[in-house]
Structure formats: structure tokens, C-alpha cells
Amino acid sequence: MIRLENVTKTFRGARVLDGISLEIGLGERIALIGSNGAGKTTLIRCLLGEYVHDGLITIDGLDPRRERARVLGQIGFVPQLPPPLRMPVGRLIDFAASLCGTAPGRIEDIAERLGLHVDAIRSRPFVRLSGGMKQKLLIALALGRDARLLFMDEPAANLDPEARKIFFELLAGHADHAAMLISSHRLDEVASLVNRVVEMDMGRVVLDDALAGSVELGSVLACRIVLKHFEPAFAKTLDGWRFAADAERLVWRGAVAAPDRLRFLGAVARYAGLLSHFSLGEH
Amino acid sequence: MMKQLFLTARLDIAESLRARWFLIYTLVFGGIIVLLFVFGLTESRVLGFIGLSRLLVTYIQLTMAILPIFVLITTVRSVAGDREAGVFEYLLALPVPLGAWFWGKIIGRYAVIFAPVVLAMGGAVLWGQFDGIEIPWAMFGYYTALIAVMALCFLGIGMLLSSVARSTDMAQGAAFLVWLALLLFLDLILLGVMIQGRIDPELAVAIALLNPLQVFRTAALAMFDPQLIVLGPAAYVILDIFGEAGFRVFAIAYPAALGIGSALLGYHFFRRGDLL
């Protein structure tokens, strides 16, 4: 599906991509990891046809630079930093939908599922939205069409737990008929989303490996927590994860998206001393 | 391709209408017309011109002073600025051909910079009709055409600079330098060169007429001074080369060609290199 052959990119004499060769097939979910300056963003921009480069890049046999409209019509993209677009949300949705040949309602439905009520912000400039709202809208714009390739730069970083759960479900819906390239500085941020890891350093691929024990994107774990005594800060955390409590607010039950379990455990670990019982298992 | 071009043009118009520069731009050109009326310019007489002709003559002189730098700076600021801020990174990841994007932006921007200036002139004509002032239609038509090509010329140059410059600061600096160079060659440097007698007056006039600012100024003068008497000996050279009607055509065709040529060159650079 995606083929890179000895791709090299140089900026004013500095080699940012240094002979990258990769093949990415349908159904692969790749974590593109590496420190700042490793070349992740440059690689994505080359794949999007935004940078000229040496070497060969083809997507379904097409050159993303020469066959822009055809190639980009298949790609959903979520950038690392939301663009400072002044246009109202409604106009952005209409513009993207018209270009991508999808219905604005489809994008809005996904935004609604992620907890973003488009009607309430339709006339608000995109740049005035909060970080989380921008992220949800960009995800909705990327997923609300027939994309066979998803390029996402830390897509879930600004999402609340509930939106993350929906996001994972949405990705699961694309898993069989799309390939995903998810860029991040850290593997633990995206490990649960992917089944292959590509690590870059100084413009080179230094690791390309399958990820063992990868979880199903759409699966959910049931969790039960019993506290020794009530603690408002922990209750607020669990509220954020949409957990329900009994009358005394000592027994909590909720569902955690499987790909988000490490993040959840990290949140719970801070209150480990309060726990008298903790269980997390498949439904 | 046409659909994407139309969508990009419409987006650029909508974005410009929301931008602060457009508000200032519209206020400046609308304000000039209002001020000219308020100060009773239609009732004063200069070189035999009175009424709306007098107002239009003054308006086009002011427009020639303001419009080029306004168009240059706002074009490079918004195009290079959007690229620097990451707007291009996102919007150019949508399935839009580069030609549709570049020319759609030019069409949208052209509509936005041309409309306020001509609407202000149109407003003056309406006001004149309401006041019972005679409307100089030929002058109105020609000045409209001059403004149309002036906007096209500097928009094309602005897009070329935006395509070549890698940062907003560089694009803005280059735009200012271009405008300054055209302004200096308008009179000061050429006069100096001619006074020193190092080049033929014909050559000096020819160089001057390569300067679109000089072409606009001379064409605007020619509307009320067809023999270009105020230009002195340079008038002989201009009228010898073009003739009266020929110069009018040149004053429209040359800046338009310069603008379109610059835009084509800008597109060539834009398409060939990194988009961000």
C-alpha cells in the first residue's frame, strides 16, 4: 500500500531523512516514534506530498506529489499542532467535506460521538476552540470519510478518557480496511493502538518490529474498585473516567477502553493506598 | 479541478472578509471617497476639472500611492504567514490539486482587493448622480480598468514573493524592497541619471515605463492631459512610441501581463519546491 525506497530529504545541507525504506500494508497500525528532530514529521510531510525528496514514495502505486488529489483523497490526517484557522467550524467542515467527497453530516456525527456538539460551535472560529475541541474536530475530519490511510500525530493527547474510548472504537472501525501511521515521541503513549513499531533517529529507521500482544482497539475492560474511605480527589478522577459509585461512594464500577488501560492504571496508581479491592478484566 | 479552484477561492474570500487587514483596507478606500466629498472636492477646479472628474483624478492618485504597498504586504503576510503558522500543512493535506489551490487563492484574493476600491468609486458615482453631478463615464471606465490591472499586477508580484520567500519576515522585507525600488525609480533615480546625462532620455523613459507605478501615474495623467504636457520632454518619447491611444492600451496590457507573468512564475516555484 505504502512503499518508501531510499527516501532522503535535505534542508540546507542537513540530512533530515537518510535513506528511509519501508513497506506498509493494509491493516497495519504503526507507531512512528523518535525524539524531536528524528524526522517523523518530515516523513509524514513527504508522504503527504508536501515536501520534495530524493528516492521513491508510492501510495497504491501513485506518487503523492504528482497525483495529489487521488492520493490525498484516501488519507485522513491529524497534525501535531492544530492549524490556526480563522474560519468558522461549520465552514471548515463544509470545505473539507466538499474536497473529500463526503457528507458534512458524517463528520459531524463523529464529532458528536467524540463529545463535540457541532451545532453549538458552528459559527465559532476554529482557532478559538479549546485544545481538546480542536483535536476532536480534526479527528472527526480525518475519520469522517472513506480514508484508507490515517496519518496521526499524537492524536489522543488532548482527549478526555471518554473521548479516548470513543476514538479507539472509531479506529477499530477502520482497522481492517485502513493502514495507520501514528506518530509520537514516546512508545507508551501509542503502544496500545498499534501492531508495529518504527523508531526513527537522526533521519534513519533504527527499529522496525511487530508488537506482540497488541490489544483489540475496540475492546473494553470492566473495572471494580473498592475504597477504604472516600477521597474527593480520587472521586473526581474516577468521575472523569465516567465511573459510577454506590451511595456511600466507596464502591466504583466502570468500563475502560482496553488500549487505554495503561493510562488508567497510571491514574489509579497515585491513589493505591486507598484501594481495598481492585479488579480489571474483560467483559 | 474547477470545483477545488472554486472552493479555494471561496475560502480565501471568506477568510479575507474576516481578517483585520480587509477591514482597514475597506475603511481606507471608502474613507478616502467620503473625505473627498466632505471636503467639497467636487466643487473645486484644477486644470479645468470640476465635479466628479476632479474627485476621480484625486482618488486614483491616492489609490496609486496606497494600493500597491497594501496589496503587496497583505498578500505576502497572509500567504507566507499561513504557511509558517501551519495552515498550509493542514489544508494542503486535503485532496486539492496545487493548481486549484494557487489559482483559487489568487482569484479569491483578487476579488477581495479589487472590490472595495471599485465599490468606493461606484459609490462616488451613485452619490454624484444623487447630487445631480455629471458622471464622466469614460473616465470612470478607464480608471476602473487601471485599478483592476494595478491590483492584478501587485497581487501577482506578491504571490511570486510569497512563493520564493521561506519566511513571513523575508517575504515582507522583499515586498517592501520591491515597492521602495519601484518608488525610487519613479522619479528620483531616473531624474538623477538623466541629469548626469549618462543615458539617452529615450532609454530613461523606456526604463521608467517598465515600472508599473510609472505606467499607472502616466496613464492617469493622460486622462486629463492627453498630450502629457506636465511630463515635459518625456511626453514626446512616450507619444512617439505609442501614440495617445496606444499608450492607453499599453497602460492596461503591460501591468496585467506583468502581474500574470509574476503569478505564473510564482506558481512554477510553488509547484516545484517544498509546499511548507
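As recorded by an unreviewed UniProt entry, chain A carries the name ABC transporter related protein and is attributed to Thauera linaloolentis.

**Focus: the overall build of chain A**
Scanning chain A from N- to C-terminus turns up 10 helices and 13 strands. Computed over C-alpha atoms, the radius of gyration of chain A comes to 20 Å, within 12% of the 19 Å expected from 2.2 N^0.38 for 283 residues, which places it in the range of a compact globule. Projected onto its principal axes, the C-alpha positions of chain A cover 65 × 45 × 35 Å. Within chain A, contacts between residues at least 6 apart in sequence are counted, and of these 70% link residues at least 24 apart.

**With respect to the overall build of chain B**
Tallying secondary structure elements over chain B gives 12 helices and 0 strands in all. Element order for chain B, N to C, with α for helix and β for strand: α-α-α-α-α-α-α-α-α-α-α-α. With 276 residues in all, chain B has 41% of them scored as buried. Looking at chain B alone, contacts between residues at least 24 apart form 79% of all its contacts between residues at least 6 apart.

**A few points about the nonpolar core**
In this structure, Ala140(A), Ile182(A), Leu146(B) and Ala151(B) are the most contacted members of the largest nonpolar core, which totals 153 residues. If you tally residues by element for this core, the top one is helix α6 (residues 137-164) of chain B, at 15 residues. There are two domains that each give this core at least three residues, and those are domain 1 (2-210) and domain 2 (220-282) of chain A. With near-sequence residues (within four places) excluded, Ile182(A) lies in contact with Arg29(A), Ile30(A), Ala31(A), Leu32(A), Met152(A), Pro155(A), Val190(A), Leu193(A) and Val194(A).

**Some points on the confidence of the model for chain B**
A low pLDDT score tells you not to read the predicted coordinates there in detail. Residue and element names in this part refer to chain B. With 87% of its residues at a pLDDT of 70 or more, chain B shows a mean pLDDT of 83. Within chain B, the element-level pLDDT minimum falls on helix α8 (residues 188-196), averaging 64, and the maximum on helix α12 (residues 244-272), averaging 93. Confidence estimates for the predicted assembly give a pTM of 0.82 and an ipTM of 0.81.

**Quick look at the interface of chain B and chain A**
Contact residues are listed per partner, giving 22 residues for chain B and 24 residues for chain A. Looking at the side of chain B that touches chain A, the elements that each hand over two or more residues are α1 (2-18) and α4 (87-91) of chain B. Broken down by element, the residue count for the side of chain B that touches chain A peaks at 6 residues, all from α1(B).

**Some details on unusual backbone geometry**
Residue and element names in this part refer to chain A. One non-glycine residue, Arg242, adopts positive backbone phi at about 60 degrees. Of note, Arg242 is situated in the loop between α9 (232-240) and β11 (244-245). Overall, Arg242 belongs to the partly exposed group, with 13 C-beta atoms counted inside 10 Å. Of note, Arg249 is a non-glycine position whose phi angle comes to about 60 degrees, a positive value. Within the secondary structure, Arg249 is located in the loop between β11 and β12 (251-257).

**Here we look at the pairing of strand β8 (residues 196-201) of chain A**
Residues and elements named next belong to chain A. Sheet analysis places strand β3 (residues 29-33) next to β8, joined by 4 bridges and oriented parallel. Pairing of Ile33 across the sheet is with Glu199, part of β8. As paired elements, β8 and strand β9 (residues 204-210) share 6 bridges and run antiparallel to each other. Within β9, the position partnered with Asp201 by the bridge is Arg204. Here β8 hands over to β9 after 2 residues, with Met202 in that stretch at a positive phi of 50 degrees.

**Examining the environment of Gly266(B)**
All names here are of chain B. Tracing the chain through its elements places Gly266 in helix α12. Judged by C-beta crowding, with 22 C-beta atoms within 10 Å, Gly266 ranks as buried. Expressed as a C-alpha distance, the spacing of Gly266 and Leu160, which sit 106 residues apart in the sequence, is 3.9 Å. Once you skip the residues sitting within four places of it in the chain, Gly266 turns out to touch Met159, Leu160 and Ser163.

**Side note on the domain arrangement of chain A**
Residue and element names in this part refer to chain A. Each domain of chain A was delimited in the assignment, giving domain 1 (2-210) and domain 2 (220-282). With centres defined by C-alpha atoms, the gap from domain 1 to domain 2 works out at 32 Å. On the domain 2 side, the residues contacting the 9 residues of domain 1 number 7 residues. Here the side of domain 1 that touches domain 2 takes 5 residues from helix α7 (residues 161-174), the largest share from any one element. A per-class count over the side of domain 1 that touches domain 2 returns 3 nonpolar, 1 polar and 5 charged.

**Structural notes on the packing of α1(B) against helix α5 (residues 98-131) of chain B**
What describes two packed helices is the angle between their axes and the distance between those same axes. Residues and elements named next belong to chain B. Close contact between α1 and α5 brings their axes to 7 Å; oriented N to C, the two are set at 40 degrees. Taken as axis vectors, α1 and α5 run oblique relative to one another. Of the two possible hands of crossing, α1 and α5 adopt the one that is right-handed. Counted together, Gln4, Leu5, Thr8, Ala9, Arg10, Asp12, Ile13 and Ser16 of α1 and Ala100, Trp101, Trp103, Gly104, Lys105, Ile107, Gly108, Arg109, Ala111 and Val112 of α5 form the full contact between these two elements. Looking at the contact of α1 with α5, its residues break down into 9 nonpolar, 5 polar and 4 charged.

**Remarks on the sheet that holds β11(A)**
Residues and elements named next belong to chain A. Sheet architecture is open: 4 strands sit in the order β11-β12-β10-β13, paired in antiparallel fashion. Edge positions in the sheet fall to β11 and β13 (275-282), since each of these pairs with one other strand and no more. Pairing geometry for strand β10 (residues 220-227) and β12, over 7 bridges, is antiparallel. The partner of Val220 across the bridge, within β12, is Ala257.

**As for the packing of α6(B) against helix α7 (residues 168-186) of chain B**
Residue and element names in this part refer to chain B. As a packed pair, α6 and α7 sit with axes 9 Å apart at the nearest point and diverge in direction by 140 degrees. The hand of the α6/α7 crossing is right-handed. Here α6 contributes Ile157, Gly158, Leu161 and Ser162 to the contact with α7, which in turn contributes Ala171, Ala174, Ala175 and Val178. A class-by-class count of the residues in the contact of α6 with α7 yields 6 nonpolar, 2 polar and no charged.

**What to know about the sheet that holds strand β6 (residues 149-153) of chain A**
All names here are of chain A. In space, the 6 strands of this open sheet follow the order β5-β6-β7-β3-β8-β9, with mixed pairing throughout. Only two strands of the sheet have a single neighbouring strand rather than two, namely β5 (75-78) and β9. When strand polarity is set aside, the average angle formed by the axes of neighbouring strands in this sheet is 15 degrees. Alignment of β3 against strand β7 (residues 179-184), held across 5 bridges, turns out to be parallel. Residue pairing across strands places Ala31 opposite Ile182, the latter belonging to β7.

Rules behind the numbers
Residues numbered from 1 in each chain as written. Chains lettered and ligands numbered in written order. Predicted model: local features only at pLDDT ≥ 70, side-chain atom pairs only at ≥ 80, totals over all residues. Helix = DSSP H or I, 4+ residues; strand = E, 2+ residues; numbered from the N terminus. Rg over C-alpha atoms; globule rule 2.2 N^0.38 Å. Contact = placed C-beta atoms within 7 Å. Buried ≥ 20, exposed ≤ 12 C-beta atoms within 10 Å, placed from the backbone. Core = buried A, V, L, I, M, F, W, Y, C linked by C-beta atoms within 7 Å. Domains from an automatic or database assignment. pLDDT = per-residue confidence, 0-100. Pairing = 2+ DSSP bridges. Nonpolar A, V, L, I, M, F, W, Y, C, P; charged D, E, K, R; others polar. Axes fitted to C-alpha atoms, helices over the stretch in contact; angles between N-to-C directions. Parallel < 35°, antiparallel > 145°, perpendicular 65-115°, else oblique. Left-handed = near helix turned anticlockwise from the far one by under 90°.

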